[in-house]
Structures are given as C-alpha cells and as structure tokens.
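# Commentary on secondary and tertiary structure
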Amino acid sequence: MLKVMWNGRSGLYSSQNRIDVISNNIANIDTNGYKRLDVAFSDIFNESLDRLGTPITNNDKSNLTVGSGVRGEELIRNFSQGLIKETGNKTDVAIVGEGYFKVKDGDGNYFYTRDGAFNIDANGNFVHSSGLFLEIENYNNNLSINDNFIIKSNGDVYNLVDGSEELVGKINVYEIIGQDSLKQKGENLFAADNANIKESTNLKQGYLEKSNVDIAKELTDMLVTQRAFELNSRTVKTADDMWQIANNIRGK
Amino acid sequence: MLRGIYTAASGMITKQVQLENLSNNVSNINTAGYKKQKVSLKSFEELVLMNKDKQVGDKSFPRRIGTIELGVGIDGTRTNFSQGDLEKTDRILDFAINGDGFFTVEDENGSKKYTRDGRFKIDSEGNLIATNGYKVIGLDENGYEKTIKVNSENITLNPDGTISGTDNLKFLITTFEDKNQLLRDANDFYNSKADGNPVATDIKQGFVEKSNVDTIEVITEMMSIMRSYESSQKVMQSLDETLSKTVNEVGNVR
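All values derive from a computational prediction rather than experimental measurement. Along every chain, residues carry numbers that run from 1 in the direction the sequence is written. For this description, chains carry letters from A and ligands carry numbers from 1, given in the order in which they are written. The predicted origin of the model limits local features to residues at a pLDDT of at least 70 and limits the giving and counting of side-chain atom pairs to 80 or more, whereas totals for whole chains, interfaces and linings rest on all residues. For the side-chain quantities, the full set of heavy atoms in the structure was used; hydrogens and water were omitted.

## What to know about the overall build of chain B
Put simply, the rule is: In DSSP terms, a helix is any run of H or I states spanning at least four residues, a strand is any run of E spanning at least two, and both are numbered starting from the N terminus. Using C-alpha atoms as the atom set, the radius of gyration is obtained and then compared with a globule rule of 2.2 Å times the number of residues to the power 0.38. Partly exposed residues are those whose accessible area sits between 20% and 50% of the maximum for their type, while under 20% is buried and over 50% is exposed, using a 1.4 Å probe and protein chains only. Only heavy atoms enter the contact rule, under which two residues are in contact if any of them lie within 4.5 Å. For every accessible area listed, the method is Shrake-Rupley and the probe measures 1.4 Å; residues are considered covered only by the protein chains on display.
Along chain B, the regular secondary structure elements total 2 helices and 21 strands. A globule of 254 residues ought to have a C-alpha radius of gyration of about 18 Å, yet chain B, at 28 Å, is considerably larger. Dimensions of chain B along its principal axes, counting C-alpha atoms only, are 95 × 40 × 30 Å. Expressed as a percentage of the 254 residues in chain B, the buried residues total 46%. By sequence separation, contacts in chain B at least 24 residues apart represent 62% of the contacts at least 6 residues apart. Within the structure as shown, chain B displays about 12,700 Å² of accessible surface, and the carbon and sulfur contribution to it stands at 49%.

## Observations regarding the pairing of strand β7 (residues 102-106) of chain B
Residues and elements named next belong to chain B. Going by this rule: Being paired, for any two strands, means DSSP has found at least two bridges between them.
Most of β7 is tucked away: 4 of the 5 residues are buried. Summarising the sheet, β7 and strand β16 (residues 173-175) pair through 2 bridges and their orientation is antiparallel. Paired with phenylalanine 102 across the bridge in β16 is threonine 174. Relative to strand β8 (residues 112-115), β7 runs antiparallel, the two sharing 4 bridges. By the bridge assignment for β8, threonine 104 is matched with tyrosine 114. Where β7 folds back onto β8 in an antiparallel hairpin, the turn is made up of 5 residues, including glycine 110, whose phi is positive at roughly 85°. Across 2 bridges, β7 lies against strand β11 (residues 135-139) in antiparallel orientation. What sits directly across from valine 105, in β11, is valine 136.

## Focus: the side chain of asparagine 32 of chain A
Residues and elements named next belong to chain A. Along the chain, the position of asparagine 32 falls in the loop between α1 (2-27) and β1 (37-43). Given the relative accessible area of 15%, asparagine 32 is considered buried. Beyond its immediate sequence surroundings of up to four residues, asparagine 32 is in contact with Asp115, Ala117, Asn188, Leu208, Glu209 and Lys210.

## A few points about the interface of chain A and chain B
The test is simple: Once two parts are put together, the accessible area they lose, assessed with a 1.4 Å probe and summed over both, is termed the buried area. One speaks of a salt bridge when a side-chain nitrogen belonging to Lys or Arg is within 4 Å of a carboxyl oxygen belonging to Asp or Glu. N or O atoms closer than or at 3.5 Å make up a polar contact, with two conditions inside protein: a donor-capable atom paired with an acceptor-capable one, and, for residues adjacent in sequence, both atoms drawn from side chains. Polar here means any residue outside two lists: the nonpolar Ala, Val, Leu, Ile, Met, Phe, Trp, Tyr, Cys and Pro, and the charged Asp, Glu, Lys and Arg; Gly therefore counts as polar.
Taken residue by residue, the interface counts 72 residues in chain A and 70 residues in chain B. Summing both sides of the interface, chain A and chain B together bury roughly 5,700 Å²; the carbon and sulfur share of this comes to 56%. Counting the surface chain A buries against chain B, the share from its top three residues, Asp43, Thr57 and Leu231 of chain A, is 11%. Our count for the contact surface shared by chain A and chain B stands at 6 salt bridges. One salt bridge connects glutamate 87 of chain B with lysine 217 of chain A, and the closest N-O pair in it is separated by 3.6 Å. Where chain A touches chain B, the interface holds 28 residue pairs in polar contact (both at pLDDT 80 or more). Sort the elements by how many residues they give to the side of chain A that touches chain B and helix α2 (residues 215-247) of chain A lands first, with 15 residues. Looking at the side of chain A that touches chain B residue by residue, the classes come out as 26 nonpolar, 28 polar and 18 charged.

## Topic: the environment of alanine 32 of chain B
For alanine 32 of chain B, the location among the structural elements is in the loop between α1 (2-27) and β1 (37-43). Considered as a pair, alanine 32 of chain B and leucine 86 of chain B are 54 residues apart in the sequence and their alpha carbons are 9.6 Å apart. Ignoring anything within four residues of it in the chain, the contact list for alanine 32 of chain B reads Phe41 of chain A together with Asp117, Arg119, Asp188, Val208 and Glu209 of chain B.

## Quick word on the UniProt feature "domain: Flagellar basal-body/hook protein C-terminal" (unreviewed entry) in chain A
How we decide: UniProt positions are given in the numbering used here, feature names are shortened, and annotations may be inferred rather than shown by experiment.
Those residues carrying the UniProt feature "domain: Flagellar basal-body/hook protein C-terminal" (unreviewed entry) are residues 204-249 of chain A in this numbering. The distance separating the terminal C-alpha atoms of residues 204-249 of chain A is 74 Å; by composition the span is 72% helix and 11% strand.

Shown next, in the form of structure tokens:
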C-alpha cells in the first residue's frame, strides 16, 4: 500500500513540475525569440514482485515486475520557428529559419540569442535588451539611431548617405549543432561551446520573432496535466481507503 | 477455517499488487510511448479432498469429498503494446511510430535497448540521443547499423524514411515476434534476450505517441479493485467471527 502512495506521489510531483513549466511558457508568450519547454516524462525502474508474502502461481518469475512511478524532470525545448511580426522599427531584426545572433558581454564572454530587438547606444553599439553588444563583422561603431541604414537578408548592413549605399558591417548568424546542449542563461540568452557562422541566412529588418508558445496548446496541456494530477490523487485516495479497510479487519 | 482466512488474505494481497500496478500506469499517463501493464491473477491448483470413512469389515475405502481451492496468486505481468494516440507537437525532433516496432538505441556499453518514446535531442557532438542520453541507431543505405549523427542544425524525415541532415540514414525500427519476452528496463526502455528484425514502419515527424493508458479503464478498474478488496476483507472478518465462536462458545454451558 505504501508503494501505491509513492507511485501516486511521483505522479503528483511530476504533474506539478509540468504545470510549473507550462506556466513559465505562458508567462513568456510575449518574450521575443522564446522557445517553449516541455517536461519529458519517463517511467522509473521495474521492481520484481517475487517478494515475501506475495502469492505467486507462476514458476517462471522473470516477467513478474511492477513499475515504481514516473519521473518528470527532463526538459525538452521546442526550437521551431516563432511567429514573425512586423514592428517597423529599423533596429529590429528577425532570423527566418535556423540560427542565432552572437552577443558579447563586458568580460568578452559570448552568448547566443534569437531575440532581435536591438537598440543603438550613444557609442554606436547595437545593444541587446539584456545590455550585451551584438557582434558585427568589420563594424566601426559608425551608426547612430538617426542614420538611415538597411540590413540585407544576408546580414550586410548598409548606411544610406546622400542616396548612396555604404557597407558598414555584416551581422553574422551562427548555427549551433546540438541545440539541446545550449545552456540557458536567462534574459533570452544561451551559452554554447561550438557555434559556426552560418553561410546562408535570411534576416528581416523591421521584424521580430515572437515566442513559439501556442496558447491553445499550453492550455490543453494544462488541462491534461490537471486531470492527470487528479487521477494520481485518486490512486492515493484509493490506497488510503484500502488501508483503512485492512485496518478494520478486526474493527468495531 | 484458518485455511479460509489465508485464502481471503491472498485475495487482499493480490488486489493490493494490482493497485500498485494501476497506480504506476496512472503516474505514467503522460509519459510518451508508455505501454500499460497488467497484473494477471490465477488461482492456485485445486486440491482434492478425500477421507477414508467408509469402512466395510476391517477395510476402509477412500471417499472423494470434493476439491478445495487455496486462494489466488499472481501469474504474471503483461505489457499491452497497443498503439497510443499520436499528438502533434511540431517539434522537429519528436518522432512517433505509427504501427509496429521500436526505436533502437544503444546504451553506454553498446548494448541495444528498445523504446517507443521518440522525443529525441541532439547533443553537443551532434549525436541524436534519447532524453536520457542513449544514442539512437540508424541504418545506412547498405543496411549497416550506425548511430545517427546529425550534420546540420535540424533534420527532416523524408517520405522514403531517410533522414536528411544525416548521412542518409533511416531509423532502425526493430520488431519482435514474441513481445512478451521483452523485459522492461528503466526510463521507458525494453531489453530483449533475442535479436529482433528490422521493419519498415510509418514514422511521423513532429508527433509524439501518447501513453496507451486509458482513463475510463483506470477509474473502473480502481473501483472494482477496491470493492473486491473490501469483499475479501468481509470474508476474512466473518471467518474470524466463526472462528471466535468455535473457540469461545463451543462447550459453554448456559
């Protein structure tokens, strides 16, 4: 009976984990470039039933096992493309397809992000919302927020001066093989060990990639998880009722 | 009378084990690719009761009274491998088997394990891995087995079963003639003593196979387990009362 309670508890606990993750997804529905997370459940090891006091009729005891609950701690990220939304802001850049922007912090550490909401500071740096600087190839900080500049889909940045285009730098997009090894750093940033410049890219100036959270899916998942939670609490309740029945063998 | 109490107890214990199993199925109701398990019960072999009451002269003859059953025991646990529902997730690395077979993976010692859980990841070396780190095995065009290595950021499953973004590998889907010999391992994996056969099955990208645990079945089974537990308890109680009568009241002079 104790085992039923532990199984039920593991189910309650994992469902609770999943609700936490779902609520985090919903909270980030407006976070640019956010990729939804889900909990991957897996069963725990199977235990033999060949134990003291359990009546067994079969001589072959190899296939007499019962599982011991569920584990729901492993997170799975969904890297699918988020919705591209027009903002009309010339410092907003969205990546269509795969890839990441590379940003640098004050200590020279590199991070990767899909959030393309940049700003140009007084020194001409492209600043990410987290305060980190966007890496731009061959760029001499010679743009200001008032300049009329164009970011081409391959990443080339041109400054429009008196009707002529002047190449001022190139925004590279990085590809990371093994996205699941990305380490989440908060503020939409990831750390990665091996990232390479991606050859063909498709950037869109004046657009932002929204999160790929689908509210309908999250709410459905929430309902399903809530029902699973209820069902698990019911097994605990049933175990409790049965325990009471056993305790009342010599009752009254 | 004592025999009867043990028979009732065997009923209670087996119901308890059935509830253990059921609670495990319930806790895994959201586990991708989970296959429900069932505990099957069987009564112990019947015994024949005889006595030698019948006496003719100085000889006694055996007389068959009938049979007696000594309660119930657990006969086995069986996995129900029926197909689970497919849920669309649009995640590129989610794969679901629609039909027969198992994804084949390799643990750190190189031994094969089988699973229906197709939620994969790509590790930093580019290996396609199961959520717990086991490498997924594929087949190349010559039919050789290879762990699947991914060359690009993402992979696409082609209609002919090859996976682009890898060296034109296919998933190695293994099927077994006798699925009952599969032993459950931790984390949704199965071990097999015998080698299975590769099979071409319909695999869907962007889908997850849900567990095949059915809520309605769970609820009804839970109720019937509890009620029959209660019945066994009542049987035990009345046997105990009868026993109490024989012990305490027989021989009393009123």
